[in-house]
Every structure is written in structure tokens, then in C-alpha cells.
Amino acid sequence: MVHFSRRLALKGALVCALASTFFHTAVAADADTVLRVSAIPDEAPTELQRKFAPLGKYLEKEVGMKVSFVPVSDYAAVVEALASDKLDLAWLGGFTYVQANIRSQGTAIPLVQREEDARFTSKFITADPNIKTLADTRGKVFAFGSPSSTSGHLMPRYFLMEEGINADSDFKNVAFSGAHDATVAFVASGKADAGVLNASVWAKLVEEKKVDEKVRVIATTPPYFDYNWTVRGDLDPLLIKKIEAAFLKLDAGNPEHAEILALQRATKFIPTKKENYVGIEQAAKAAGLLK
């Protein structure tokens, strides 16, 4: 009876081991057949999904595999997911790319960027008629986007420093709205006296008549490199080439492609490289946001 019980226990252990092996193999196989894509949540989740839907279908056709969009709660979650191989491709800002590259020990690969991202800018805004210049924001409540946003925090903070304004000591209070469109809402409602957001989202909100008429631009930053599509470094090189080729193939003259480009607020995509983001890393260190 004792020997029989032992045989049952051994058989059960073997079945569990085989089931575990099968489960992990199935998960690995699924990861190999699905391109897991995400983006920093710099706009409302519904807007991100709307913008990605036609691009996802296009990528499925071009790379020959299922594409899954993975929503995340904040900027840090995208960085962590890419560095821990839970994502294959991510839409990052310049600063989140730098963070992802550091977190992945230098293996993250910035693949392509919109042509506009090679000379990106941020817009300083206010609804206060007494604020006419950046100097007038001293002593006021100021709104940035996410703490990890390139265009909604890092670069504006750096350029404020260049103008002699220290965000930590010269403002009455600093608020983080979490997203570019939320910053506009903060300023329009009086929750913040002034704020800053990226030029692309500002232009889109103005075009869609979603900006209160009392909100206006008081300054624009100098240009800098920003957003890009980044892949994890250990992704299949052949797949990386297919992804890059798919983005570079997008042509505004093609009606299908035109819709995708319009949603991405791009005229076209161009190759990018790690060297383009050295200035972002230096600015982050100067602003005390990186050790």
C-alpha cells in the first residue's frame, strides 16, 4: 500500500511537471507569434487605442504576425515592460527611451521616428491675462505633464533653467497633470496658472476646437529630438528589419497609409539612432532627473 501511494505521488508529480512545462512552452510560443506593442500614455487611453487601431492592422499585414496593443497605467510601466521582455515594440518619448535603454543595459534600439520628431518643440501656455512671458510665471502654480515626459516635463524644465527659472523654487507650486491634454484642462480651469505640453498635441487640440479661447501660447522651446518607436534588443533581427521597413514604407500618397500617418500626426517616418538621444540624457542629468 505504501509503495502504491508512492507510485501515485510520483505519477502526480510527473503530470504536474509535464503540465507546467507545456504551460510555459505555450506562453513562450504565444509570445513568439504575437508582436506586443504599447505606448506611453501621453493622452487619454481611448485616444491611444483609436490612434493605434489602423497601425496595428497594417503592421500585422506587413510583419506577418498578430499584433496586440498592451495598455499601461503610466510612463514607468512602459519602460519596465520593455526592459523585462513583456513588450516587443513601444512608442516612447526621448526621455522614456533613455530610461528604457538604461534599464535594459543599453540594449533597447530606437528604430524609427516621425520626421517631425527630429525638431520637436513644447508650448508654454496660460489663461492668465497678466502672464505674458516665462518670467511672469514666477510665483505661480505651474503644470507639467507626466514626470517622465520629454516634451511635457524634462525639456521644458531644462529650457526654463536656461532662462534662469528653477521649477523647484521659483513656482508657487508644481502640478503634474499626467498627460498633455490634461495639462490644457488644468490651465483652462484655473487649476494651474500656466503649463507646458508638446506642440503636436497642442496643434491637434486647437484644430479640433478643444482649447478654451482664453488659453494661449506664451513661449515655445528650442527644437530637440523626441518620440520614437523602440524595440527590445533581443528581438529577432529579421523581425526588427520587417518592422522598420513597414514604418519607412508608409506613404501619404496611399489612402490607407494616409489615415495611419494622420492619426500618428506624421508626414512620414524616418530612421533614428541612439546618438540622437544623447542630448536628452544630458538634459535629464542637468535637470537632476537622472543620476
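Residues numbered from 1 in each chain as written. Predicted model: local features only at pLDDT ≥ 70, side-chain atom pairs only at ≥ 80, totals over all residues. Heavy atoms only, no water.

Q: Account for the packing of aromatic side chains, with residues named and values stated.
A: The geometry of an aromatic ring pair is captured by the separation of the ring centres together with the interplanar angle, meaning the angle of the planes. Tallied over the full model, the rule gives 15 aromatic pairs. Pairing Phe120 with Tyr227 gives two aromatic rings, centres 5.5 Å apart and planes at 75°, and the pair type is edge-to-face. Here Phe120, found in the loop between strand 4 (109-114) and strand 5 (122-126), pairs with Tyr227, found in the loop between strand 9 (216-220) and strand 10 (228-231); they are 107 residues apart in sequence, far enough to count as distant. Both residues of the pair, Phe120 and Tyr227, count as buried. By the ring-pair criterion, three or more aromatic residues cluster together here, those being Trp91, Phe120, Tyr158, Phe159, Tyr224, Tyr227, Trp229, Phe247 and Phe269. (Phe/Tyr/Trp six-rings, centres within 6.5 Å; stacked < 30°, edge-to-face > 60°. Helix = DSSP H or I, 4+ residues; strand = E, 2+ residues; numbered from the N terminus. Buried < 20%, exposed > 50% of the residue type's maximum accessible area, 1.4 Å probe, protein only.)

Q: A description of the pairing of strand 6 (residues 141-144) should follow, citing residues and the corresponding values.
A: Here strand 6 shows no split at all, with Val141 and Ala143 on one side and Phe142 and Phe144 on the other all buried. One ladder, built from four bridges, connects strand 6 with strand 7 (residues 173-176); its direction is parallel. Looking at the pairing, Val141 lines up with Asn173 of strand 7. The pairing of strand 6 with strand 8 (residues 194-198) spans two bridges and is classified as parallel. Bridge pairing in strand 8 links Phe142 to Ala194. (Pairing = 2+ DSSP bridges.)

Q: How would you explain the nonpolar core if you had to name every residue and give the values?
A: If you look at the biggest cluster of nonpolar residues, it comprises 55 residues, and the most contacted ones within it are Leu89, Trp229, Ile243, Phe247 and Phe269. Leave out the neighbours within four places in its chain, and Phe269 touches Trp91, Val112, Gln113, Arg114, Trp229, Phe247, Leu248, Leu250, Leu261 and Gln264. Residues Val141, Val184, Val201 and Leu205 belong to the second largest nonpolar core, which totals 15 residues. (Core = buried A, V, L, I, M, F, W, Y, C linked by side-chain atoms within 4.5 Å. Contact = heavy atoms within 4.5 Å.)

Q: Account for the environment of Thr33, naming residues and giving values.
A: Along the chain, Thr33 falls in helix 1 (residues 2-33). In this structure the C-alpha to C-alpha distance between Thr33 and Met65, which are 32 residues apart in sequence, comes to 6.1 Å. Residue contacts for Thr33: discarding those within four places in its chain leaves Met65 and Lys66.

Q: Mind laying out the sheet that holds strand 7, listing which residues take part and the relevant values?
A: Spatially, the five strands line up as an open sheet ordered 7-6-8-5-9, and their pairing is mixed. A single partner strand is all that each edge strand has here, and the edge strands are strand 7 and strand 9. Between one strand axis and the next, the sheet turns by 30° as a mean value, whatever way the strands run. Packed on one face of the sheet, helix 6 (residues 180-189) meets strand 5, strand 6, strand 7 and strand 8 and runs near 160° to strand 8. Each of strand 5, strand 8 and strand 9 is contacted by helix 7 (residues 199-207), which is oriented at about 100° to strand 8, the strand it contacts most. (Axes fitted to C-alpha atoms, helices over the stretch in contact; angles between N-to-C directions.)

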